[in-house]
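Structural characterization, general
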Amino acid sequence: MKITRREFLAGSVLSLGSAYALGKSATPPAPFGTLPSTRQLRWQRMETNAFVHFTVNTFTDKEWGDGDEDPTIFAPVGFDADAIVLALKAGGMKGVILTCKHHDGFCLWPTKTTDHCIRLSRWKDGKGDIVGEISKAAAQHGLKFGVYCSPWDRNNADYGKPAYIDTYRQQLAELLTWYGPVFEVWFDGANGGKGYYGGARETRTIDKHSYYDWPDTWALVRKLQPDAVIFSDAGPDVRWVGNENGTAGETCWATCDPVSEDGSRPAVPGDAKVSVLNSGTRFGSRWLPAECDVSIRPGWFWHEGENSQVKTPEQLLELYFDSVGRGANLLLNVPPNRHGQLSPQDISSLERFYRQLQAIFSNNLAAEAKLKPSNVRGGNPLFSPRMLFDGNPDTYWATDNEVLTPELVLELGRDCQFNLFRLREAIQLGQRIGAFALDAWQRESWTQIAQATSVGSCRLIRLPATVETPRLRLRITDSPVCIALTELGVFLEE
Ligand code: FUL
């Protein structure tokens, strides 16, 4: 049986028969440890998504509504879903997650579960549907749509009782069946406290570990939207990064075993040890990549008083480096104003951020380098370091099973100035590398210019100063198994 290179590359998993036909040396590395699911892989490749916080709070100037708001205050007369989605797209966002219901319980869609919703607002005479318009605009402009539906509901009279769980699941079922494909369902960890609760105006606490019966709720999501990833402090697909300032740990593993704050049991939404979430667990038993949620403004909702505090493109770039650059995804909140549009400051920052990002990564200075690897798996060109530059996440440079700390010298052909370095592992084979270092050839010898730990889906190193060198060396310094790297990039950020 003759197998063409194309056929070989077409499948990320090689059948045993084909491996045999190509000879033993063509066998791909065995997967290592726990692996990402297809939906997780798809999600990790999105890298930057938008969060949209919008509800009665936008009109009351609050961050957390009490649940006693008059629905008529929700009147975004100039609401323009297309303009919002297009601005997010111009900011490089691949998906958009809308707060369909925040803690105040006000539903942005005409739910059958409560009157505390858009039907009783003045907007479009109560006939409008914000969820419908945003999901439609997203589909039209090529962004994926995601759902935030707060478990905590400060309006609902039944909150804290079993009956509310049925209502909550019905709300989810509406959101997950009425609006087309959903790529992510976001379960917030803020649960219980003071509220209106149908007029009771009291404090209600719930047992975070038992009240919501999360396994059954997650099963409902799986049934209705099998391709959607489920986010919460505890996963099951994506974990919170443990803070709201957009920063993953300098070491951040995609594998994680989240535990409760006191460490005594597995985590649930609202009870998780943030240090574990922030850095993950090396050799953890679950594939649970981190998501960094952060707002472009100080608050999650739009407040007139914060118009001058919108993050600059430079600050957004830093967030990108501290999230995506550490193997996590960035979930950047951009809240509409009372008019129902993004404010000019936010639109401009977003657009300039993405333009800078594209400019930085448009020219891989190592793309034409002469490559001298210390080892190539089976001496087979299919596993050569050339694969680092083909833009295909399914191909990779791999080493023989016993070669755990290979090196790769890159002859750049001329003195080359750079200050940014990017590595990506072929994570479909697991998170393998534990540490690496980068050397530059300077004054007739190698000088170490950077080192880092976790790589995973992406590791970006921003050097403190521009380095000029004709030759670079990547050294893998820690890996329990042979490596599988899919991309290497060298860039100059002007
Ligand atoms: C938190 C909420 O309490 C905030 O209001 C916001 O929605 C943020 C993304 O999650 O837990």
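Residues numbered from 1 in each chain as written. Predicted model: local features only at pLDDT ≥ 70, side-chain atom pairs only at ≥ 80, totals over all residues. Heavy atoms only, no water.

Things to note about the site of the ligand
In the region of the ligand, the neighbouring residues are Phe51, His53, Trp64, His102, His103, Tyr148, Trp186, Asp188, Ala190, Glu244, Asp293 and Trp300. Between His53 and the ligand, the recorded distance is 2.7 Å, taken from a side-chain N or O atom to an oxygen atom. Contact distances for the ligand include 2.9 Å between an oxygen atom and a side-chain N or O atom of His102. (Near = heavy atom within 4 Å. Polar contact = N/O pair within 3.5 Å; in protein donor to acceptor, adjacent residues only side chain to side chain.)

What about the pairing of strand β7 (residues 229-232)?
With burial as the criterion, each face of β7 is covered, one bearing Val229 and Phe231 and the other bearing Ile230 and Ser232. Across 3 bridges, strand β4 (residues 184-186) lies against β7 in parallel orientation. Residue Trp186 lies in a different strand from β7, and its bridge partner there is Phe231. Bridging between β7 and strand β8 (residues 238-240) involves 2 bridges; their strand directions are parallel. Residue Ser232 lies in a different strand from β8, and its bridge partner there is Arg239. (Buried < 20%, exposed > 50% of the residue type's maximum accessible area, 1.4 Å probe, protein only. Helix = DSSP H or I, 4+ residues; strand = E, 2+ residues; numbered from the N terminus. Pairing = 2+ DSSP bridges.)

Structural notes on the nonpolar core
Core analysis: the biggest nonpolar cluster contains 77 residues, and Leu88, Ile130 and Leu332 have the highest contact counts within it. Per-element tally for this core: the top contributor is helix α7 (residues 162-178), with 6 residues. Shared between two domains, this core takes at least three residues from each, and those domains are domain 1 (38-360) and domain 2 (370-491). Contact partners of Leu332, with chain neighbours within four places excluded, come to Asn49, Ala50, Phe51, Met93, Val294, Ser295, Ile296, Leu316, Leu319 and Leu350. With 38 residues, the next largest nonpolar core counts Leu388, Leu410, Val467 and Leu485 among its residues. (Core = buried A, V, L, I, M, F, W, Y, C linked by side-chain atoms within 4.5 Å. Domains from an automatic or database assignment. Contact = heavy atoms within 4.5 Å.)

Purely spatial values, then, with no claim about function.
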